[in-house]
Amino acid sequence: MTRVCLVGDDDVELRYELVSRETSRDALATYDLATPYENSISLETVSLGAAVALLNDLNWYLVRFVNEALVFEPSVSDEEWLSRALAIAIRDDELDHADSGRFLKIFGVDDGRLLEPMFVARTGPELPAYDLHDVSETLVVRVTESEFGA
């Protein structure tokens, strides 16, 4: 199963914003929503294509209320998430999933809250340690080269 995780902007209550509006509520109605991180929702879809399609359906809301739209596709990596842009590139065969792991955005996780990300380029099998905050848990997200430089 492919998972989607939406992390809300700091100044909004994401779940409220998405379920209080008819169009997004209807798009999310068939999914079981979870809250893996503070001010986030996650859900499972049947495929990478379905995840990207859902994100496209929710685009109006993502632009206004979401800070991060992440996709977890086990056929790409069993530990690392994908940014929305990278998920689209892989789905559209613009990038082979085997070539998707060089550019990373690593979030520290503290008490269920995602902390500021650290951008790293993979140069070997080991990832640099997240050193922006003292945390015991991290969330690794693969990003496109253009997101890496942004």
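The preceding data block contains the structure.
Quick summary incoming for the structure in this document. Because the structure is a prediction, the values reported are computed rather than measured.

### Some remarks on the overall build of the protein chain
Alright, step 1. For the protein chain, the count of helices and strands is 6 helices and 7 strands.
Alright, step 2. Along the protein chain, helices and strands appear, N-terminal first, in the series β-α-α-β-α-α-β-β-α-β-β-β-α.
Alright, step 3. The C-alpha atoms of the protein chain give 15 Å as radius of gyration, which agrees with the globular expectation for 150 residues (15 Å, within 12%).
Alright, step 4. Counting only C-alpha atoms, the protein chain reaches 45 × 35 × 25 Å along its principal axes.
Alright, step 5. Looking at the 150 residues of the protein chain, the share that counts as buried comes to 45%.
Alright, step 6. The long-range share in the protein chain, meaning contacts at least 24 apart out of those at least 6 apart in sequence, stands at 62%.
Alright, step 7. Carbon and sulfur atoms make up 44% of the accessible area of the protein chain, which totals about 8,100 Å².
Alright, step 8. The positive charge centre, built from 12 side chains, and the negative charge centre, built from 30, are 4 Å apart in the protein chain.

### Here's the deal with the sheet that holds strand E6 (residues 113–121)
Alright, step 1. The 7 strands are arranged E2-E1-E3-E4-E7-E5-E6 in an open sheet whose pairing can be described as mixed. The open sheet has two edge strands, strand E2 (40–45) and E6, and neither has a second partner. With direction set aside, neighbouring strand axes in the sheet form an average angle of 30 degrees.
Alright, step 2. Two strands pair when backbone bridges link them, and strand E5 (residues 103–110) and strand E7 (residues 137–142) are joined in this way by 6 bridges, in the antiparallel orientation.

Conventions we followed
- Sequence order as written defines residue numbering, which begins from 1 separately in each chain.
- For a predicted model such as this one, the threshold for reporting local features is a pLDDT of at least 70, and the threshold for listing and counting side-chain atom pairs is 80 or more; totals across whole chains, interfaces and linings nevertheless cover every residue.
- The side-chain figures draw on all heavy atoms in the structure; neither hydrogens nor water molecules are used.
- Starting at the N terminus, helices and strands are each numbered in turn, a helix being any DSSP run of H or I of at least four residues and a strand any DSSP run of E of at least two.
- Based on C-alpha atoms, the radius of gyration is set beside the globule rule, defined as 2.2 Å times the residue count to the power 0.38.
- For the exposure calls, accessible area comes from a 1.4 Å probe over protein chains only, and a residue counts as buried if that area is under 20% of its type's maximum, exposed if over 50%, partly exposed in between.
- Between two residues, a contact is recorded if the distance between any of their heavy atoms is within 4.5 Å.
- Using a 1.4 Å probe, the Shrake-Rupley method yields the accessible areas, and only the shown protein chains count as cover for residues.
- Here Asp and Glu are counted as negative and Lys and Arg as positive; His is not counted, and neither are the chain ends.
- The location of each charge is read from NZ of Lys, CZ of Arg, CG of Asp or CD of Glu.
- A pair of strands counts as paired when DSSP detects no fewer than two bridges linking them.
- For helices, the fitted line uses only the C-alpha atoms of the stretch in contact; every axis is such a line through C-alpha atoms, and the angle between N-to-C directions lies from 0 to 180 degrees.

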